[in-house]
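Letter by letter, the chains look like this.
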Amino acid sequence: MPKILPGEADIYAITDSRLSLGRSLEEVASALLGAGVRILQYREKNLKGGEMLEECRLLRRMTSEAGACFIVNDHVDIAMLVEADGVHVGQEDLPVPEVRKLVGPDMIIGLSTHEPQQALAARGLGADYLGVGPIFATQTKEDVVAPVGFAYLDWVAANIDLPFVAIGGIKAHNIADVARHGARCCCLVSELVGAPDVAASVRAVREAMHQGLQG
Ligand code: 3NM
């Protein structure tokens, strides 16, 4: 199973059934993976545990077949049950060292960060990669802090040697600038899973990002 970290992939997609225009998780995930997304995170806030477990079993099968990395947001137990490649936690979730005790040495642990102190602490805590955001305003995450803009991204790119992924309000029209500010991997939710044509949106976003990476 590939352990693909941000830094080894350009686009990192996150699911959100509220934004998926009524399409099934399978349809959306199939379009994302078919268009070349190599890191997929399952993030659902309002489903029952058993439903999330079944959906994660489905995504585990699909990502394995596609050779993609599968990360579960927040739910360490579900990540372990489906043998996900990783789990992603926020600052308010279980502390990373406790998550590590549960998942063992091999599972990827991602940690959301919003300021330099959190990023500096992350390596000591045992995180494998950082989320860096929200770069721009977003309506996808309810309890999110104010946008950090490029200042925090620039700082992480210059000072932190862990892999990181930029997140928050990233769209086809602004992703080139995010890449120019040092992001080698960008994470998008609404721009991908909320697009009428998910695969076309992945292609547009990747093309724009690569233009940014080239200069
Ligand atoms: N985490 P969209 S922002 C899940 O800053 C999440 O940690 C963030 O959604 C953070 O691409 C965010 O639709 C939502 O703006 C990003």
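Source: prediction; values computed, not measured.

Peer 1: How should the UniProt feature "binding site: Mg(2+)" (unreviewed entry) in the chain be read in this particular structure?
Peer 2: Under the feature "binding site: Mg(2+)" (unreviewed entry), the UniProt entry names Asp74 and Asp93. For the residues just named, distributed over 20 residues, the greatest C-alpha separation is only 6.9 Å, placing them together at one site. Structurally, Asp74 is set in the loop between β3 (69-73) and α3 (76-81). Under the relative-accessibility criterion, Asp74 is labelled partly exposed at 25%. Aside from chain neighbours lying at most four places away, what touches Asp74 is Lys45, Val87, His88 and Asp93. Note that Asp93 resides in the loop between β4 (86-89) and α4 (96-103). A polar atom in the side chain of Asp93 sits 2.6 Å from the backbone nitrogen of Gly90.

Peer 1: What is the right way to look at helix α6 (residues 149-159) in this model?
Peer 2: Buried residues of α6: Tyr152, Leu153 and Val156, and no others. End-on view of α6: buried residues confined to an arc of 100°, all on one side of the axis. Those residues of α6 that are exposed and angled more than 90 degrees off the buried face are Ala151 and Ala158. In this fold, the buried residues of α6 make contact with β5 (108-113), α5 (116-125), β6 (129-132), β7 (164-167) and α7 (175-180).

Peer 1: How do you make sense of the pairing of β5 when you look at a structure like this?
Peer 2: Each regular strand displays side chains that alternate between the two surfaces of the sheet. Within β5, 6 of the 6 residues are buried, which leaves it mostly tucked inside the rest of the structure. Side chains Ile108, Gly110 and Ser112 of β5 all project onto a buried face; the interleaved residues Ile109, Leu111 and Thr113 project onto the opposite face, where all are buried too. Direction of pairing for β4 relative to β5: parallel, over a ladder of 4 bridges. Counterpart to His88 in the pairing with β5 is Gly110. The handedness of the β4 to β5 crossover, carried by α4, is right-handed.

Peer 1: Sorry if this is basic, but what is going on with the side chain of Glu44 here?
Peer 2: With respect to the helices, strands and loops of the structure, Glu44 is situated in the loop between β2 (39-42) and α2 (49-66). Although Glu44 lies buried, it forms no salt bridge, and the closest oppositely charged side chain, Arg18, sits 5.9 Å away as judged by the N-O distance. Dropping the residues within four chain positions of it, Glu44 is found in contact with Thr15, Asp16, Ser17, Met52, Glu55 and His75.

Peer 1: In this structure, what is going on with the sheet that holds strand β8 (residues 186-188)? I would like to understand it.
Peer 2: Strands in a sheet are paired, the pairing made by backbone hydrogen bonds, and the direction either parallel or antiparallel. The parallel closed barrel is built from 8 strands, whose spatial order is β1-β2-β3-β4-β5-β6-β7-β8. Taken over all neighbouring pairs, the strand axes of this sheet differ in orientation by 25° on average, direction set aside. In this sheet, β3 lies alongside β2 in parallel orientation, the contact comprising 4 bridges. Paired with Leu40 across the bridge in β3 is Phe70.

Parameters at a glance
- Residues numbered from 1 in each chain as written.
- Predicted model: local features only at pLDDT ≥ 70, side-chain atom pairs only at ≥ 80, totals over all residues.
- Heavy atoms only, no water.
- UniProt positions renumbered as here; feature names shortened; annotations may be inferred.
- Helix = DSSP H or I, 4+ residues; strand = E, 2+ residues; numbered from the N terminus.
- Buried < 20%, exposed > 50% of the residue type's maximum accessible area, 1.4 Å probe, protein only.
- Contact = heavy atoms within 4.5 Å.
- Polar contact = N/O pair within 3.5 Å; in protein donor to acceptor, adjacent residues only side chain to side chain.
- Arc of directions from axis to C-beta.
- Pairing = 2+ DSSP bridges.
- Right-handed = clockwise from strand over helix to strand, strands pointing away.
- Lys, Arg positive; Asp, Glu negative; His and termini not counted.
- Salt bridge = Lys/Arg side-chain N within 4 Å of Asp/Glu carboxyl O.
- Axes fitted to C-alpha atoms, helices over the stretch in contact; angles between N-to-C directions.

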